[in-house]
Amino acid sequence: MTKNKSILGLVSLVIFLSACVNLKLNQEPINSSIQKITIKQLIESPQNYFERTITLQGKIGDFLQPSSRLATFTLEENNWFGKDYTLLVLDPNRASTLTVLPENQKVQMTGEVRQFILAEFERLYDLPWDINLRRWVFSEYEGKPVIIVSTIKPIE
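Residues numbered from 1 in each chain as written. Predicted model: local features only at pLDDT ≥ 70, side-chain atom pairs only at ≥ 80, totals over all residues. Heavy atoms only, no water.

**Concerning the overall build of the protein chain**
When helices and strands are counted, the protein chain shows five helices and six strands. The buried share of the protein chain, reckoned over its 156 residues, is 33%. Within the protein chain, contacts between residues separated by at least 24 positions form 66% of all contacts whose residues are at least 6 apart in sequence. For the protein chain, the accessible surface area stands at approximately 10,100 Å², while carbon and sulfur atoms represent 54% of it. (Helix = DSSP H or I, 4+ residues; strand = E, 2+ residues; numbered from the N terminus. Buried < 20%, exposed > 50% of the residue type's maximum accessible area, 1.4 Å probe, protein only. Contact = heavy atoms within 4.5 Å. Areas by Shrake-Rupley, 256 points an atom, 1.4 Å probe, with all protein chains shown as cover.)

Have a look at this one:
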């Protein structure tokens, strides 16, 4: 009788431990601080994402005066209801990589969300923009979210 209780206890312990292992494997990583969002979510509630690292997808829009040290472009998301969402993206480290990505290429990127303040970004990144582009970017994006890219990859 004691032998049967021991076997039953051992089987119960094995089942319990295997359930715990399965539970742990199906959970999200505990320190997952990178959130995947849409461009629409970012544009509609930027205050929720400033100074945070996020991942998002979209298609490359326009390249804005690319230089050898900085790539600046727009990332677009089309909405089924006719409204398009456009986001300004700066890539201070991978300008040469971005020049091989064509406009309209779908990409996934991870980067830090910052509030675009032209004077601050000119000081930090020595922006290579002419006066007309500076005026246009200021009028379109001042105070709005911008992504500082850390990784970018094309997707099908």
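**Re the packing of aromatic side chains**
Scanning the model with the defined rule gives five aromatic pairs in all. Note on Phe63 and Phe73: the rings are 5.8 Å apart at their centroids and 45 degrees apart in plane angle, and the pair reads as tilted. With Phe63 in strand 2 (residues 53–63) and Phe73 in strand 3 (residues 71–78), the pair connects residues that are 10 residues apart, well separated along the chain. Overall, Phe73 belongs to the buried group, its relative accessible area being 0%. With centroids separated by 6.5 Å and ring planes inclined at 35 degrees, the aromatic side chains of Phe116 and Trp129 adopt a geometry described as tilted. Within this pair, whereas Phe116 is found in the loop between strand 5 (106–115) and helix 4 (118–125), its partner Trp129 is found in the loop between helix 4 and helix 5 (131–141), the two being separated by 13 residues in sequence. When its relative accessible area of 0% is taken as the criterion, Phe116 is described as buried. Given a relative accessible area of 3%, Trp129 falls into the buried group. (Phe/Tyr/Trp six-rings, centres within 6.5 Å; stacked < 30°, edge-to-face > 60°.)

**Digging into the pattern of salt bridges**
Counted under the stated rule, the structure contains three salt bridges. The salt bridge partner of Arg114 is Glu51, with a shortest N-O separation of 3.8 Å. Highlighted residues: Arg114 in strand 5 and Glu51 in the loop between helix 2 (39–44) and strand 2, separated in sequence by 63 residues. When its relative accessible area of 54% is taken as the criterion, Glu51 is described as exposed. Among the ionic pairs, Arg114 bridges to Glu120, the shortest N-O distance being 2.5 Å. (Salt bridge = Lys/Arg side-chain N within 4 Å of Asp/Glu carboxyl O.)

**What to know about the pairing of strand 4 (residues 84–91)**
Of all eight residues that make up strand 4, six are buried, and the element is covered over most of its length. Where strand 3 lies against strand 4, eight bridges are found, and the strand directions are antiparallel. Note that in strand 4 the partner of Phe73 across the bridge is Val89. Pairing between strand 4 and strand 6 (residues 145–154): three bridges, direction parallel. Within the sheet, the bridge partner assigned to Leu90 lies in strand 6 and is Ile148. (Pairing = 2+ DSSP bridges.)

**Examining the nonpolar core**
Core analysis: the largest hydrophobic core is formed by 19 residues, its most contacted members being Leu42, Leu56, Met109 and Ile147. Contributing elements (two or more residues each) for this core: helix 2, strand 2, strand 3, strand 4, strand 5 and strand 6. Among all residues touching Met109, those that are not within four sequence positions of it are Ile54, Thr55, Leu56, Phe73, Leu75, Val89, Ile147, Val149, Thr151 and Ile152. Leu64, Leu70, Leu118 and Tyr141 belong to the second largest nonpolar core, which has 15 residues in total. (Core = buried A, V, L, I, M, F, W, Y, C linked by side-chain atoms within 4.5 Å.)

Nothing here speaks to function; it is all geometry.
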